[in-house]
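Descriptive analysis of the structure
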Amino acid sequence: MRRTAVICALAFSTAGPATAQEWTEYQNVRDGFHALFPGQPRVTETTWTSQTGFKLPARVYSVERGRERYAMTVADYTGVEQLGAERVKTCAPGSETCLGTPGLSGVGYWKHDVRGAPLYATSMFIKRDMKLTEMYWNQQDLVSGIVLQLTSNADESRTYVYIAMHEMRLYIVEATVPKGSPEPALFVQAVGWLDKDGNHIRYRTMYSQEIQGMKDAPVPAH
């Protein structure tokens, strides 16, 4: 938590008054999040391919400001159990690696796919032509996640990333700025969650998609 506070303070202090005024809160009830964007984001409908090959609906919320880019990708895993059931219909007889088990991996391996989604998304950044300079666990309003800081090998631009999963949705928060610009911590650290009525959510204890999100334990109180 102390590290998060320091990063946020630096983000505000390095941005001048005019720049700070450009940031406005954006809320999206459909995808259950709120965030600070430097302008109204463009929304792009797309498809997210999960680690085990499920094709899932996704949306990208993005703003480009000169050579800066800010994007929030939200991949919807709510229908993955049904996709797993459909996959099983084409599995070869006795193929456990395709069939899965109802309790542990889920029929069609959908549970493993959900549990591993943040780590899978993280691996996609690590495979880019970039140097990983920081990687650590963090939380936003007590939702467990992963933070990455990377530097491009091509032009030394800086990228900050926060990856988390909440209520069967994978969130990939990504900000990239040119070499020499203030580090884009503000965008990554200002993400939070909304309930179905548009209310901000902050849990009293830690929320993990692997546990509470999979209904292996009650969701913490807000």
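Above this text sits the structure in question.
Just so it is clear, the model here is predicted, and its values are computed rather than measured.

1. Considerations on the sheet that holds strand E10 (residues 192-194)
Strand order across the open sheet formed by 4 strands is E1-E2-E10-E11, with antiparallel pairing between neighbours. The two strands at the open ends of the sheet, each matched to only one other strand, are strand E1 (24-28) and strand E11 (200-201). The pairing of strand E2 (residues 33-37) with E10 spans 2 bridges and is classified as antiparallel. Residue pairing in the sheet places His34 in a bridge with Gly192 of E10.

2. Some words on the pattern of salt bridges
Enumeration according to the criterion identifies 14 salt bridges in this entry. The partner of Glu45 in a salt bridge is Arg30, and the shortest N-O contact between them spans 3.8 Å. Here the residue Glu45 occupies a position in strand E3 (residues 42-49), and Arg30 occupies one in the loop between E1 and E2, the gap between them amounting to 15 residues. On the accessibility criterion, Glu45 (52% relative accessible area) is exposed.

Analysis parameters
Residue numbers here run from 1 along each chain, matching the order of that chain's written sequence. Where local features are concerned, this predicted model is filtered to residues with pLDDT of at least 70; where side-chain atom pairs are given and counted, the filter is 80 or more; whole-chain, interface and lining totals use all residues. Remark: hydrogens and water are excluded; side-chain values derive from all non-hydrogen atoms of the structure. Strands are labelled as partners when DSSP assigns at least two bridges between them. Numbering of helices and strands runs from the N terminus; a helix is a DSSP stretch of H or I covering at least four residues, while a strand is a stretch of E covering at least two. In the sections that follow, a salt bridge refers to a side-chain nitrogen of Lys or Arg positioned within 4 Å of a carboxyl oxygen of Asp or Glu. Exposure categories follow from relative accessible area, calculated using a 1.4 Å probe and restricted to protein chains: below 20% of the type maximum is buried, above 50% is exposed, and the middle band is partly exposed.

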